[in-house]
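A closer look at the structure
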Amino acid sequence: MRGPLGAVIGRYPSSDGSAQMEGIIKHNRKCRDIAFLLLFIAFWVAMNVNSSFGFDKGNPLRLTFGLDYKGNVCGDRHAKPGLRELELKYWVNPNQVYQSGLKNSEFKLSNARTICLMDCPIPSEDSLNWVCDYPEGEIHLSMDDWIDRNYDYFEFLTPEMRNTSLQLQGPCYPVIFPSVNVYWSCQFIARASNMSLRHWEQMGGVKINEDIVIDKSIHRSINSRSSVLKRYMADIGKSWPVLIVCGGMLPLFLSVIWLLMIRHFVSGMPWITVILFNVLILSVTMFYYLKVVYDSRIEYAYQHWHLAGWIGNDAISPIIGEHDPYYRVFGRELTHLRVASVLMTIVMITAVLSSIAIVRRILMATSVLKVAAKVIGEVQALIIFPIIPYLILAVFYMIWLSAALYLFSSGQILQNDCSSNCCVYDLALKRVNCDRCCGYSIHYTPHIAIAILFHLFGCYWVTQFFIACSSTVIAGSVASYYWAHGESSPDIPFLPVFSSMKRLIRYSLGSVALGSLTVSFVESIRFILESIRRKLKVYNIMPESQVGKVAFYSTQGLRKSIEWTIKSVNRNAYIMIAITGKSFCTASAIATELIISNILRIGKVNVIGDVILFLGKLCVSLSSAVFAFLMLDTHKYRSAHNKISSPLFPVLVCWGLGYVVATLFFGVVEMSIDTIILSFCQDSEEHQGTAQYAPPLLMETLNDQNEMQRLTQ
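Residues numbered from 1 in each chain as written. Predicted model: local features only at pLDDT ≥ 70, side-chain atom pairs only at ≥ 80, totals over all residues. Heavy atoms only, no water.

In this section: the overall build of the protein. Within the protein, the secondary structure is distributed over 22 helices and 12 strands. When each of the 713 residues of the protein is scored for burial, the buried share is 54%. Nonlocal contacts in the protein, meaning residues at least 24 apart in sequence, comprise 75% of its contacts between residues at least 6 apart. Carbon and sulfur atoms provide 61% of the accessible area of the protein, an area that totals close to 32,800 Å². (Helix = DSSP H or I, 4+ residues; strand = E, 2+ residues; numbered from the N terminus. Buried < 20%, exposed > 50% of the residue type's maximum accessible area, 1.4 Å probe, protein only. Contact = heavy atoms within 4.5 Å. Areas by Shrake-Rupley, 256 points an atom, 1.4 Å probe, with all protein chains shown as cover.)

The following block contains the structure:
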């Protein structure tokens, strides 16, 4: 059995008449859960090793640009030859592209000869254009001269070279089909230029296949799942200014403003929060639908103009603008935006209905928030304290995101092992070479998936760790206020926030590491089970009997209940760790016993207060998402080098970052309420139902008979 908590925490007499003379918070502590602190440190070391692997083997350019016939990444200034301004991947041999698109063909598109260009070639209206290999050997041209000549040095070829070029073996290849830039790859349009084709046939060139297969072969490559995922990751790297502004600075500003308004306009803040939340979620949903409608109209117009030569739901659709020569693929990206729009609609409807349901409870939340506002007014350092974990996490996220881009692009560029006929003229060897003419691909090591999952888990654990540290420091500061009768007592340390921080760093980091690990582990298990459930749903492997269906959906509810319970217990455990200095398990047991014994007293207060705070966090994160949409809709991110494939991932990342920042700052109010209420429960329990140390405002809130009757109904 645990002893009276008041005697442990304060120097005031407990219910048994004893007294402690050690100040407001017990200082006779010792380090707890050291093994888990060592585990956390070892995990950090492992993350550094994992990230160093990515920095060594990765190249973020691979996420955006393709490979040429030498294995170089287009746009890489360190390649040989230098390709800094040559960012577009172009397939020079249309017959190879056609062959790769046939159903039973063994020839793969990755083995087709590719070259890096500055812009996509188009056929000439009155002659035949050529695209030639990089100049070397007997071709004495610099790369700049080669670019200035539009990649054409056919007139300098020897008779032998001209003959091999007419056989589509290089070093020069005819431009028969027009092509457009689709995500830095030149997509063929399967409509051969009649003039160019006539010139080619007159010169004695081999037959060139004209078929829609040429379009679809490249389209399948560009629109594959791996290519889309790479583009999404590249979008995050390109939109880093948006992440800094909308994921870092904007939520910081909004969170501080919200805390200040809670301090000075507490009566109106619950209403403002609920209304603003509904307006913002409606705005985000509207932005998604506007984006889908805009892109769908362009796709519709494209399909009816027959620019690509076929009609389909996943056709290549260009965005045509006065200064925008780039084109877009409407396949998976548009589908993902449509799915996101539907999900946002469901969330919006749920949010509006929930807001209507809690209107009658908002007055209760106002009473609780007044107590938190009183605490913030007495311990004013609480408003600025979250800036410390905010800065730490900001530095961590910048390094983590950089390492993530390198990890996703890590691997070795190796030449493919192909048996297909891909003979080409080698300028360096001065002959046709059929031995090493296969294309290049990025080969990922078997453990790269594990490394990425480890990296993602590390991000979540570190985030939970610093949020837990912030919560514990706030709880220790608020406890000093409560157990001093809620006044500016000389027994409260000069800077309670920094005193609480000192106790955390010296004694309780191991306990915080264990608590954050528990949440991270449960979330990881939930993610794995959810992935399995979706796989089963996709393959229609669902329980057929009624009992099986009930068990299936019951386990989902049980899983969510366990997740919520663990998060709630963790939060209250951090309060007891800050107050008593106990280990995580002991503190969890104390907190759980207090909650269970006072569930009717604090249940509704905690729930309605948490709902308002959760809506406030969503207001900040939704504001980040809205501003991210607006920034990404500017010309900078719709054309040229910074063009993004879809705003989906950057907006989601800004949303997530905004929520984390809001959690740090809103934790001041959240932990203040929880600490005050938990301390009040223990105080009342020790003194036969009458709290001795509660501040007057809290007594007015919780001891009023009408309020208590409303809380327990």
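Turning next to the packing of helix α3 (residues 94–101) against helix α7 (residues 213–222). As a packed pair, α3 and α7 sit with axes 8 Å apart at the nearest point and diverge in direction by 75 degrees. Of the possible angle classes, the one that applies to α3 and α7 is roughly perpendicular. In this structure, α3 contributes Pro 94, Val 97, Tyr 98, Ser 100 and Gly 101 to the contact, and α7 contributes Val 213, Ile 214, Ser 217, Ile 218 and Arg 220. (Axes fitted to C-alpha atoms, helices over the stretch in contact; angles between N-to-C directions. Parallel < 35°, antiparallel > 145°, perpendicular 65-115°, else oblique.)

As a further point, take the state of the cysteines. Should the sulfur atoms of two cysteines be covalently bonded, the bond is a disulfide. Scanning all chains against the criterion turns up 3 disulfides. In this model, Cys 74 is linked to Cys 116 through a disulfide, with the two sulfur atoms separated by 1.9 Å. Disulfide Cys 74-Cys 116: torsion about the S-S bond near -75 degrees, hence left-handed. You can see Cys 74 sitting in the loop between α2 (34–57) and β1 (88–91) and its partner Cys 116 sitting in strand β2 (residues 114–117), a full 42 residues away along the chain. (Disulfide = S-S within 2.5 Å.)

Next up on the list: the side chain of Asn 278. Position of Asn 278 among the secondary structure elements: in helix α10 (residues 269–305). At a separation of 2.7 Å, a polar atom in the side chain of Asn 278 contacts the main-chain carbonyl oxygen of Val 274. Not counting the four nearest positions on each side in its chain, Asn 278 is found in contact with Ala 351, Val 352 and Ser 355. (Polar contact = N/O pair within 3.5 Å; in protein donor to acceptor, adjacent residues only side chain to side chain.)

To continue, consider empty space enclosed by the protein. This model, assessed by the stated rule, comprises 4 cavities of 30 Å³ or more. Considered as a void within the structure, the largest cavity measures approximately 50 Å³ in volume. (1 Å grid on protein atoms, 1.4 Å probe; cavity = no way out; pocket = protein on both sides within 12 Å on 5 of 7 lines; lining within 4 Å. Points joined across faces, edges and corners; volume = space filled by probe spheres on them.)

Take Lys 57: it is sitting in helix α2. When its relative accessible area of 33% is taken as the criterion, Lys 57 is described as partly exposed. Expressed as a C-alpha distance, the spacing of Lys 57 and Leu 407, which sit 350 residues apart in the sequence, is 7.8 Å. Beyond its immediate sequence surroundings of up to four residues, Lys 57 is in contact with Arg 62, Ser 409, Ser 410 and Gly 411.

This part covers the layout of surface pockets. In this model, the second largest pocket occupies a volume close to 960 Å³. Taken together, 42 residues form the lining of the second largest pocket, with Lys 89, Ser 221, Ser 226, Ser 227 and Lys 230 sitting closest to its centre. Elements represented by at least two residues in the lining of the second largest pocket include exactly β1, α7, α8 (225–238), α14 (387–408), β12 (440–443) and α15 (448–482). Considering each element in turn, the lining of the second largest pocket owes the most residues, 6 residues, to α8. Considered class by class, the residues forming the lining of the second largest pocket number 21 nonpolar, 13 polar and 8 charged. (Nonpolar A, V, L, I, M, F, W, Y, C, P; charged D, E, K, R; others polar.)

The next subject is a negative patch on the surface. On the surface, Glu 85, Asp 144, Asp 145 and Asp 148 cluster together to form a negatively charged patch. Considering the arrangement of structural elements, one finds Asp 145 in helix α4 (residues 143–148). The partly exposed category is assigned to Asp 145, whose relative accessible area is 36%. (Patch = residues over 30% accessible without salt bridge, like charges linked within 9 Å, V, L, I, M, F, W, Y side chains within 5 Å. Salt bridge = Lys/Arg side-chain N within 4 Å of Asp/Glu carboxyl O. Lys, Arg positive; Asp, Glu negative; His and termini not counted. Charge placed at Lys NZ, Arg CZ, Asp CG, Glu CD.)

With that settled, the discussion passes to the nonpolar core. Counting residues in each nonpolar core, the largest one holds 119 residues, and the members touching the most others are Tyr 288 and Val 669. Per-element tally for this core: the top contributor is helix α20 (residues 648–686), with 20 residues. Formed by 66 residues, the second largest nonpolar core is a distinct cluster that contains Phe 65, Ala 79, Leu 86 and Ile 214. (Core = buried A, V, L, I, M, F, W, Y, C linked by side-chain atoms within 4.5 Å.)

A surface patch of nonpolar side chains, about 590 Å² in accessible area, is lined by Phe 521, Ile 525, Phe 527, Ile 528, Leu 529 and Ile 532. Looking at where Leu 529 falls in the secondary structure, it is placed in helix α16 (residues 496–538).

What follows is about the packing of aromatic side chains. Under the defined criterion, the tally for this structure stands at 23 aromatic pairs. Plain terms: the ring middles of Phe 40 and Trp 461 are 5.1 Å apart, the flat faces sit at 75 degrees to each other, and that makes the pair edge-to-face. Of the two residues, Phe 40 sits in helix α2 while Trp 461 sits in helix α15, which places them 421 residues apart along the sequence. Under the relative-accessibility criterion, Phe 40 is labelled buried at 6%. Relative accessible area serves as the criterion here: at 2%, Trp 461 is assigned to the buried category. (Phe/Tyr/Trp six-rings, centres within 6.5 Å; stacked < 30°, edge-to-face > 60°.)

For the rest of this paragraph, the subject is the pattern of salt bridges. Tallying each qualifying case throughout the model produces 8 salt bridges. One salt bridge in this structure joins Glu 670 and Lys 617, with 3.1 Å as the shortest N-O distance. Residue Glu 670 is found in helix α20, and its partner Lys 617 is found in helix α19 (residues 599–632); the two are separated by 53 residues along the sequence. Residue Glu 670 is classed as buried on the basis of its relative accessible area of 10%. According to the relative accessible area criterion, Lys 617 is buried, its value standing at 7%. The structure contains a network of salt bridges with shared partners spanning Arg 571, Lys 617, Glu 670 and Asp 674.

Glancing now at unusual backbone geometry. Across the junction of Gly 170 and Pro 171, the peptide omega takes the value 10 degrees, indicating a cis bond. Within the fold, Pro 171 resides in the loop between α5 (159–166) and β4 (172–174). Unusually for a residue other than glycine, Tyr 151 sits at a positive phi of about 65 degrees. Within the secondary structure, Tyr 151 is located in the loop between α4 and α5. The backbone of Leu 168 shows a phi angle near 60 degrees, a positive value even though the residue is not glycine. Topologically, Leu 168 is positioned in the loop between α5 and β4.

What you see with β2 is no split at all: Thr 114 and Cys 116 on one side and Ile 115 and Leu 117 on the other are buried throughout. Of the strand pairs in this sheet, β1 and β2 are connected by 4 bridges, and their pairing is antiparallel. Note on β2: the bridge partner recorded for Trp 91 is Thr 114. (Pairing = 2+ DSSP bridges.)

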